[in-house]
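# What the coordinates show
Listed below are the residues making up each chain.
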Amino acid sequence: MEQSSQPFSSRMEFEQRLRGCLARAEHSLDLFDPDFSLWNLGHSAVDAELRRFLAGHGRLRLVAHSNAHLQRMAPRFLRLLADYGHAVECRQTPAGLRQLSDSFCLADGAMLVRRFHCDHVRGEAVFADSDAIKIASDRFASIWDESLPGLHASTAGL
């Protein structure tokens, strides 16, 4: 049986936990990060995993403080957004939420990978703790509701 929490403290471990979470996702992915600079959303392996997820009728929602990194450094993600715009929605936080400094991925309301602070890679992957997942889910819903439409395929010039 899998442990309910798997801590990580390096970028490599974060990437492994995140890719594991993406690989298990079937229905929904909710992602929050100030700028997604450490998430490698433009990497070919992450792109392939997200395409698999979206081709299976998954829904992807992202919220960021800034989309500048994705626009400049993640052309694969921008193509994915153009290809699956019907299943991907990106929002941007208003000024009042820019102090939020954590980072997390919530998959199917059952798996969570979170970094405690966006300036560090230390965090945990949670697979069986319904309380931690419920808190993250409620938190994402609150951030989502206050955020505004953000990155679109047309924004990237596609």
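Look above for the structure.
Note that the structure is predicted; figures quoted are calculated from it, not measured.

Scoring rules and cut-offs
Once a new chain begins, its residue numbering starts again from 1 and follows that chain's sequence as written. Thresholds applied to this predicted model are a pLDDT of at least 70 for local features of residues and 80 or more for the giving and counting of side-chain atom pairs; totals over whole chains, interfaces and linings are not thresholded and use all residues. Here the side-chain values reflect all heavy atoms present in the structure, with hydrogen atoms and water set aside. Numbering of helices and strands starts at the N terminus; helices are DSSP runs of H or I of at least 4 residues and strands are runs of E of at least 2. With the radius of gyration taken over C-alpha atoms, the globule rule is written as 2.2 Å times the number of residues to the power 0.38. To sort residues, take the accessible area from a 1.4 Å probe on protein chains only and compare it with the maximum for the residue type: under 20% means buried, over 50% means exposed, and anything in between is partly exposed. Using a 1.4 Å probe, the Shrake-Rupley method yields the accessible areas, and only the shown protein chains count as cover for residues. Charged-residue counts in this description rest on Lys and Arg as positive and Asp and Glu as negative, His and the chain ends being excluded. Charge positions are represented by NZ for Lys, CZ for Arg, CG for Asp and CD for Glu. Two residues qualify as a contact provided that any one of their heavy atoms is within 4.5 Å of a heavy atom in the partner residue. The span you would expect from a helix comes to 1.5 Å times its residue count less one. Regarding the arc, it is the one traced by the directions from the helix axis to the C-beta atoms.

Take the overall build of the protein chain next. Across its full length, the protein chain holds five helices and eight strands. When the helices and strands of the protein chain are placed in sequence order, the string is β-α-β-α-β-α-α-β-β-β-β-α-β. By the compact-globule yardstick of 15 Å for 158 residues, the protein chain fits well, its C-alpha radius of gyration being 14 Å. Across its three principal directions, the C-alpha atoms of the protein chain cover 45 × 35 × 25 Å. The proportion of buried residues among the 158 residues of the protein chain is 45%. A total accessible area of about 7,700 Å² is found for the protein chain, and carbon and sulfur atoms account for 51% of it. Averaged over its 18 positive side-chain charges, the protein chain has a centre that lies 5 Å from the centre of its 20 negative ones.

What follows concerns the environment of Ala125. Within the element layout of this structure, Ala125 appears in strand E7 (residues 123-126). Sequence separation between Ala125 and Cys105 is 20 residues, and the spatial gap between their C-alpha atoms is 9.3 Å. Each residue touching Ala125, except ones within four places of it in the same chain, is listed here: Ser4, Ser5, Gln6, Phe8, Arg17, Leu112 and Val113.

This next bit is on helix H1 (residues 11-24). Relative to the 20 Å expected for 14 residues at 1.5 Å per residue, H1 spans 20 Å between its end C-alpha atoms, a close match to the ideal helical length. All of the buried residues along H1 are Phe14, Arg17, Leu18, Cys21 and Leu22. For H1, the buried positions fall inside an angular range of 135° around the axis, keeping them on one side. Buried positions along H1 lie against strand E1 (5-8), strand E2 (28-32), helix H2 (44-55), strand E5 (103-107), strand E6 (111-115) and E7.

Looking now at unusual backbone geometry. For Phe36, which is not a glycine, the phi torsion comes out positive at approximately 60°. Secondary-structure assignment places Phe36 in the loop between E2 and H2. Positive phi, normally seen in glycine, also occurs at Asp108, with a value near 55°. Mapped onto the secondary structure, Asp108 falls in the loop between E5 and E6.

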